[in-house]
Amino acid sequence: MIRSVPLRRSLVALLLSCAVLVSATGCGDKGSDAATRTGASPSSSVSAAASVSASATAEKRRLAKTRFVANAGLAAGATYQWIVKPYRAGAFKKGADGRTFALVKAGLAGGFAYNRLKAAAENAKGDPLLSKAVAPLTAGIESLKGMATKLRNGEAGEGDIGAFESVIDSIKNAGKSAGAEVTDKVPSTSQLTG
C-alpha cells in the first residue's frame, strides 16, 4: 500500500516545478521587443513610462501624507493617553495608587511615541511641503530619545512632560500647515508592547 505523505510531497514538488517553469518562460520578453510586437513605437513606450512615473510620484506623495498622519496620530494619542493625562492626574507621584503600572505604561508609551515620531518625520520626506514643515522639528524629536527610560523610572518631571507635549503640538501644527491634519489615535496596549 502506498503511503499518502510521499505522494503528497511528490505532487507538491511537481506543482512547484511547473510553477517555476511557467514563470521562467514568461519573463523572457524584452521591453523594446514587446513594444515592436504590439505595434507601439519605442518613443510612445517612453512617454507611457513617463506618465506612469508621474502618477507613481503623486501616489507616493499621497501615501507619504497618509503615513505621516497615521504615525503622528498614534504618537500623539499614546502621549496624551498614557503620559500627559496620568501625570496631570498625579499617577506618577510617590504613593499614588497604581503608580508602578502607570510608570511602566508611560515608559512604553514614551518609547512608542518616539518611534512613531521618527517614522512620521521619515514619511514627511516623501512630500515636499510636508518635508519643509517637519524638517525643523527633527531635533525636538531626537531630544525625546531617552525619555522612555526617565518615565519608566519615575524621574520625569513637568519639563519632560512639557517637552513631549511641545513636540507633539509642533508636529500637529506642521502637518496642518502642509495639509495633513493630525488627530490623536490612541494605540492599543498590544501596539505599545509590539
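Residues numbered from 1 in each chain as written. Predicted model: local features only at pLDDT ≥ 70, side-chain atom pairs only at ≥ 80, totals over all residues. Heavy atoms only, no water.

*Asks:* Is there a simple way to think about the overall build of the protein in this case?
*Replies:* Scanning the protein from N- to C-terminus turns up nine helices and zero strands. When the helices and strands of the protein are listed from N to C terminus, the series reads α-α-α-α-α-α-α-α-α. Sorting the 194 residues of the protein into buried and exposed places 31% on the buried side. Considering only residue pairs separated by 6 or more positions, the protein has 79% of its internal contacts joining residues 24 or more positions apart. Total accessible area on the protein stands at roughly 11,800 Å², and carbon and sulfur atoms take up 59% of it. (Helix = DSSP H or I, 4+ residues; strand = E, 2+ residues; numbered from the N terminus. Buried < 20%, exposed > 50% of the residue type's maximum accessible area, 1.4 Å probe, protein only. Contact = heavy atoms within 4.5 Å. Areas by Shrake-Rupley, 256 points an atom, 1.4 Å probe, with all protein chains shown as cover.)

*Asks:* Just checking my understanding: could you explain the packing of helix H4 (residues 99–124) against helix H8 (residues 158–177) for this structure?
*Replies:* The packing of two helices is summarised by the inter-axis angle and the distance between the axes. Interhelical geometry of H4 versus H8 gives an angle of 30° and a closest axis separation of 12 Å. Taken as axis vectors, H4 and H8 run roughly parallel relative to one another. For the pair H4 and H8, the sense of crossing is left-handed. Side by side, H4 and H8 meet where Gly110, Ala113 and Leu117 of the first sit next to Phe164, Val167, Ile168 and Ile171 of the second. Of the residues in the contact of H4 with H8, the class split is six nonpolar, one polar and no charged. (Axes fitted to C-alpha atoms, helices over the stretch in contact; angles between N-to-C directions. Parallel < 35°, antiparallel > 145°, perpendicular 65-115°, else oblique. Left-handed = near helix turned anticlockwise from the far one by under 90°. Nonpolar A, V, L, I, M, F, W, Y, C, P; charged D, E, K, R; others polar.)

*Asks:* Can you walk me through the side chain of Thr79 in this structure?
*Replies:* Here Thr79 is to be found in helix H3 (residues 42–88). Residues in contact with Thr79, not counting those within four places in the same chain, are Val84, Ala113, Phe164 and Ile168.

*Asks:* Just to check I follow, could you spell out H8 for this structure?
*Replies:* Given 3.6 residues to a turn, an α-helix orients residues that are three or four positions apart in the same direction. For H8, built from 20 residues, the straight-helix expectation of 28 Å at 1.5 Å per residue is met to within 8% by its first-to-last C-alpha distance of 28 Å. Of all the positions in H8, only Asp160, Ile161, Phe164, Glu165, Val167, Ile168, Ile171, Ala174 and Gly175 are classed as buried. At the exit of H8 stands Gly179, carrying a positive phi of roughly 80°. (Expected span 1.5 Å × (residues − 1).)

*Asks:* I'm lost on the pattern of salt bridges in this one. Help?
*Replies:* For side chains bearing opposite charge, pairing can occur when the charged atoms are close. If you walk through the whole model with that rule in mind, you get six salt bridges. One salt bridge in this structure joins Arg88 and Glu158, with 3.3 Å as the shortest N-O distance. Of this pair, Arg88 sits in helix H3 while Glu158 sits in helix H8, and the two are 70 residues apart along the sequence. Taking relative accessible area as the criterion, Arg88 reaches 46% and is therefore assigned partly exposed. (Salt bridge = Lys/Arg side-chain N within 4 Å of Asp/Glu carboxyl O.)

*Asks:* What is the right way to read the side chain of Asp160 from this model?
*Replies:* Of note, Asp160 is situated in helix H8. A polar contact of 3.0 Å, which involves the side chain of Asp160, links it to the backbone nitrogen of Gly157. Ignoring anything within four residues of it in the chain, the contact list for Asp160 reads Met147, Lys150 and Glu155. (Polar contact = N/O pair within 3.5 Å; in protein donor to acceptor, adjacent residues only side chain to side chain.)

*Asks:* Would you mind showing me how to read the environment of Val186 here?
*Replies:* In this fold, Val186 is placed in the loop between H8 and helix H9 (189–193). With a relative accessible area of 43%, Val186 lands in the partly exposed category.

*Asks:* Quick question: what am I supposed to make of the nonpolar core here?
*Replies:* Across soluble globular proteins, nonpolar side chains have a tendency to be buried as a group. Residues Phe68, Leu117, Val134, Leu151 and Ile171 are the most contacted members of the largest nonpolar core, which totals 41 residues. Contributing elements (two or more residues each) for this core: H3, H4, helix H5 (128–134), helix H7 (147–152) and H8. When residues of this core are assigned to their parent elements, the largest contribution, eleven residues, is made by H4. (Core = buried A, V, L, I, M, F, W, Y, C linked by side-chain atoms within 4.5 Å.)

*Asks:* In this structure, what is going on with the layout of surface pockets? I would like to understand it.
*Replies:* Gaps left between atoms show up when a probe the size of a water molecule is rolled over them. Here the largest pocket defines a volume of roughly 150 Å³. Lining the largest pocket we find Lys118, Ala121, Glu122, Ala124, Lys125, Ser131, Val134, Ala135, Thr138, Ile141 and Glu142. For the lining of the largest pocket, the elements supplying multiple residues, two or more each, are H4, H5 and helix H6 (138–142). It is H4 that provides the largest number of residues to the lining of the largest pocket, a total of four residues. Residues belonging to the lining of the largest pocket are distributed by class as follows: five nonpolar, two polar and four charged. (1 Å grid on protein atoms, 1.4 Å probe; cavity = no way out; pocket = protein on both sides within 12 Å on 5 of 7 lines; lining within 4 Å. Points joined across faces, edges and corners; volume = space filled by probe spheres on them.)

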